[in-house]
Amino acid sequence: MTLQFAVIWYGGRWTLLAPGVRYNRYASRESALAAAQRLAEQARRQGYEVDVLMQDVGGELSSVPPRAEADPPARRDDPPQDPANSPA
């Protein structure tokens, strides 16, 4: 079974949709993605196959490669971003 973690723009905020999580909202795309990748890594360590998906500017979901251990965590104080102005 593959678990999917999706980061989408919803209600003016970046939202993380994950199994067992109703929703978590974040001020920035990077913060939401970092949270999704942390959950995904926990699931991988438990033996699950995992797919992290990110919504692009056009609204399509695309798979994101696993985060490298050297990647720094996103800052929690990032300002909200509209997907039209976010880097894709």
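Above this text you will find the structure in question.
Everything in this summary refers to the structure shown in the same document.

So, how was this worked out
Residues numbered from 1 in each chain as written. Predicted model: local features only at pLDDT ≥ 70, side-chain atom pairs only at ≥ 80, totals over all residues. Heavy atoms only, no water. Helix = DSSP H or I, 4+ residues; strand = E, 2+ residues; numbered from the N terminus. Buried < 20%, exposed > 50% of the residue type's maximum accessible area, 1.4 Å probe, protein only. Contact = heavy atoms within 4.5 Å. Areas by Shrake-Rupley, 256 points an atom, 1.4 Å probe, with all protein chains shown as cover. Expected span 1.5 Å × (residues − 1). Salt bridge = Lys/Arg side-chain N within 4 Å of Asp/Glu carboxyl O.

Take the overall build of the protein next. Secondary structure summary: the protein contains one helix and five strands in total. In sequence order, the secondary structure elements of the protein are arranged as β-β-β-α-β-β. Counting only residues that meet the buried cut, the protein has 35% of its 88 residues in that class. Taking contacts inside the protein between residues at least 6 apart in sequence as the whole, the part at least 24 apart equals 52%. Surface exposure of the protein reaches about 5700 Å², of which carbon and sulfur atoms provide 49%.

This part is about helix 1 (residues 29-45). The first and last C-alpha atoms of helix 1 sit 24 Å apart over 17 residues, in line with the 24 Å expected at 1.5 Å per residue. Looking at helix 1, one finds that the buried residues are Arg29, Ser31, Ala32, Leu33, Ala34, Ala35, Ala36, Gln37, Ala40 and Ala43. The positive-phi residue at the C-terminal boundary of helix 1 is Gly47, with phi of around 95°.

So, about the pattern of salt bridges. Using the criterion set out here, one finds two salt bridges in the structure. A salt bridge links Glu41 to Arg44; the nearest nitrogen and oxygen atoms lie 3.8 Å apart. Of this pair, Glu41 and Arg44 are both found in helix 1, three residues apart, which corresponds to roughly one turn of the helix. On the accessibility criterion, Glu41 (26% relative accessible area) is partly exposed. As a salt-bridge pair, Glu41 and Arg45 come within 3.9 Å of each other at their nearest N and O atoms. Taken together, the residues span about one helical turn, with Glu41 and Arg45 both in helix 1 at a distance of four residues. Assessed through its relative accessible area of 60%, Arg45 is described here as exposed. Among the charged side chains, a network of salt bridges with common partners joins Glu41, Arg44 and Arg45.

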